[in-house]
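Report on the structure
Each chain is listed here by its residues.
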Amino acid sequence: QLEVSQKSLNSAYKCMMKNLNTSDIYSSIVVAHAANFMGKKSDVDKLMASIETQANTTTGKFWDIKKEVVKCEYCWWSFRPSSEAVEMTAYNIMSYVLRGQLPLALDSVKWLAKQRNSQGGFVSTQDTVVALQALSMYSQKVTKIPLAMSIDITDMESGNNKLDSVKLSEDNALLLRSQKLSKLPATLDISSNGG
């Protein structure tokens, strides 16, 4: 329970922003995350826009430090992301969550989730901690979106006969529903409304 005065936090923030080297993507991402975490969202709009343009979108959306690539077709480590890539992407996910920009974080969340190893971690201890925190923050925000959806199931082979209309809400979202079909194979049309 360490108390830090607002004056000290503001001084640290000013120092951090004044000494930021925007050509260093790792530093830019960490500074943007710290500023967003402090609630200085409007101050870092330009920095976040610059970071966004530097994303690698070849296999999802992630950030990495550009290094000289050494070709090694049989080396296992050449198929894994760097620890920095995992950590920077996780910090950016948290920045998006803090800014309320969940749609911008989705591709990065998908990329990050695919990088987990067989034991649930990532490359190192540090990036694992940051990545799990980012996935947790994103998950908490996404699950708070209220559920109000309707699903209509229509049997196309029997004259567009509506088989069922299901209303999903927070109260019944986890309940299993089933519908019997008169004959198989069947051609069904399933449409949904809401979110």
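Nothing here was measured: the structure is a model prediction, and the numbers come from that model.

What counts, and where the lines are drawn
- Residues numbered from 1 in each chain as written.
- Predicted model: local features only at pLDDT ≥ 70, side-chain atom pairs only at ≥ 80, totals over all residues.
- Heavy atoms only, no water.
- Phe/Tyr/Trp six-rings, centres within 6.5 Å; stacked < 30°, edge-to-face > 60°.
- Helix = DSSP H or I, 4+ residues; strand = E, 2+ residues; numbered from the N terminus.
- Buried < 20%, exposed > 50% of the residue type's maximum accessible area, 1.4 Å probe, protein only.
- Lys NZ or Arg CZ within 6 Å of the ring centre and 35° of its normal.
- Salt bridge = Lys/Arg side-chain N within 4 Å of Asp/Glu carboxyl O.
- Pairing = 2+ DSSP bridges.
- Axes fitted to C-alpha atoms, helices over the stretch in contact; angles between N-to-C directions.
- Expected span 1.5 Å × (residues − 1).
- Contact = heavy atoms within 4.5 Å.
- Polar contact = N/O pair within 3.5 Å; in protein donor to acceptor, adjacent residues only side chain to side chain.

**Remarks on the packing of aromatic side chains**
Scanning all chains against the criterion turns up 1 aromatic pair. Both rings, one in Phe62 and one in Trp111, keep their centres 4.4 Å apart while their planes meet at 10°; by these two values the pair is stacked. On the criterion of sequence distance, the pair formed by Phe62 in the loop between α3 (45–53) and α4 (83–99) and Trp111 in helix α5 (residues 102–114) is long-range, its members being 49 residues apart. On the basis of relative accessible area, Phe62 is assigned to the buried category, the value being 8%. Cation over ring: Lys40 sits above Tyr13, and NZ or CZ is 5.1 Å from the ring centre.

**Description of the pattern of salt bridges**
Evaluation of the coordinates by the stated rule reveals 4 salt bridges. With its nearest N and O atoms 2.4 Å apart, the salt bridge here joins Asp45 to Arg99. With a gap of 54 residues between them, Asp45 in helix α3 and Arg99 in helix α4 connect regions that are remote in the sequence. A salt bridge links Arg177 to Asp164, with the shortest nitrogen-to-oxygen separation between them at 3.3 Å. Remark: Asp164 occurs in strand β2 (residues 161–169) and Arg177 occurs in the loop between β2 and β3 (188–194); sequence separation between them is 13 residues. Judged by its relative accessible area of 16%, Asp164 is buried.

**Topic: the sheet that holds β3**
The antiparallel open sheet is built from 3 strands, whose spatial order is β2-β1-β3. Here the strands that pair on one side only, and so sit at the sheet edges, are β2 and β3. Sheet twist, expressed as the average angle between the axes of neighbouring strands with direction ignored, equals 15°. In this structure, strand β1 (residues 148–155) lies alongside β2, joined through 8 bridges in antiparallel fashion. Each residue of the ladder has a partner; that of Ile151, found in β2, is Val166.

**A look at helix α2 (residues 25–37)**
The terminal C-alpha atoms of α2 lie 18 Å apart, and with 13 residues this matches the ideal 18 Å at 1.5 Å per residue to within 8%. For α2, the complete set of buried residues consists of Ile25, Ser28, Ile29, Val31, Ala32, His33, Ala35 and Asn36. Tucked into the core, α2 has its buried residues touching α1 (6–18), α3 and α4. For α2, the capping residue at the N-terminal end is Asp24, with a side-chain oxygen 3.3 Å from the backbone nitrogen of Tyr26. In the segment just after α2, Gly39 is the residue with positive phi, at about 90°.

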